[in-house]
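Here is how the chains run, residue by residue.
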Amino acid sequence: MPETYEGIELPASYHLNLKDEPPRPESDGDGDIEYVSGPYLETDNGRFVLLQPNEEPTLGTCREVTRYAESIYLEDVAEGANICLETTAGHIALITYQGVSPQSDPSSYIALDITVWRNATTAQP
């Protein structure tokens, strides 16, 4: 059964771990999803796939697509775009990118909605 978390604001240089319920921004250690100023997303514990507009944002699609990347530059991602993440712990997430903070904001962050299927695939060593 998936868990959905909406309106997550992930500050620059912070990461999320999908094992956490709910995922909360952390500043130390490795993360499944990290927002790096530049701006881009990176993962220490998995692999991303940026879904094409014609691909259904489902668990099945996230299991099937294989255009893997360890980082995704946000200049290449439109607001509302979907990104799959498969972690080495066996979790799969569908990340919907909602945008970056306004330049007038004193902090830099991105807004995400995340649906997580925990233990949806075999963990990798």
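Residues numbered from 1 in each chain as written. Predicted model: local features only at pLDDT ≥ 70, side-chain atom pairs only at ≥ 80, totals over all residues. Heavy atoms only, no water.

Novice: Give a description of the sheet that holds strand β2 (residues 14–16) that names residues and reports values.
Specialist: Taking strand neighbours across the sheet as the criterion, the four strands line up as β2-β3-β4-β6 in an open arrangement whose pairing is antiparallel. Looking at strand neighbours, the two that pair on one side only are β2 and β6 (71–73), the edges of this open sheet. Sheet twist, expressed as the mean angle between neighbouring strand axes with direction ignored, is 20°. (Pairing = 2+ DSSP bridges. Helix = DSSP H or I, 4+ residues; strand = E, 2+ residues; numbered from the N terminus. Axes fitted to C-alpha atoms, helices over the stretch in contact; angles between N-to-C directions.)

Novice: Lay out the sheet that holds strand β1 (residues 3–11) in plain terms, naming residues and giving numbers.
Specialist: Paired through backbone hydrogen bonds, the strands of a sheet run either parallel or antiparallel to each other. Taken in spatial order, the five strands make up an open sheet running β1-β9-β8-β7-β5, and their pairing is antiparallel. Unpaired on one side and paired on the other, β1 and β5 (46–50) mark the two borders of the sheet. Ignoring strand direction, the axes of neighbouring strands in this sheet form an average angle of 25°. Pairing between strand β8 (residues 92–100) and strand β9 (residues 109–117): eight bridges, direction antiparallel. Pairing of Ile 95 across the sheet is with Ile 114, part of β9.

Novice: Provide a residue-level description of the environment of Ala 120, including the pertinent values.
Specialist: By the secondary structure assignment, Ala 120 is in the segment after β9. Residues Ala 120 and Met 1 lie 119 residues apart in sequence; the distance between their C-alpha atoms is 9.6 Å. Those residues in contact with Ala 120 that lie beyond four places of it in its chain are Leu 59, Arg 63, Gly 90 and Ile 92. (Contact = heavy atoms within 4.5 Å.)

Novice: Got a sec to walk through the nonpolar core? Specific residues and values, please.
Specialist: One finds Ile 33, Leu 41, Ile 95, Ile 110, Leu 112 and Ile 114 to be the most contacted residues of the largest nonpolar core, which totals 23 residues. Those elements giving two or more residues to this core turn out to be β1, β3 (33–36), β7 (82–87), β8 and β9. Element by element, the count of residues in this core is highest for β9, at four residues. Aside from chain neighbours lying at most four places away, what touches Leu 112 is Tyr 5, Glu 6, Gly 7, Ile 8, Leu 10, Leu 16, Ile 95, Thr 96, Tyr 97 and Gln 98. Counting residues in hydrophobic clusters, the runner-up holds 10 residues, among them Val 49, Val 65, Cys 84 and Ile 92. (Core = buried A, V, L, I, M, F, W, Y, C linked by side-chain atoms within 4.5 Å. Buried < 20%, exposed > 50% of the residue type's maximum accessible area, 1.4 Å probe, protein only.)

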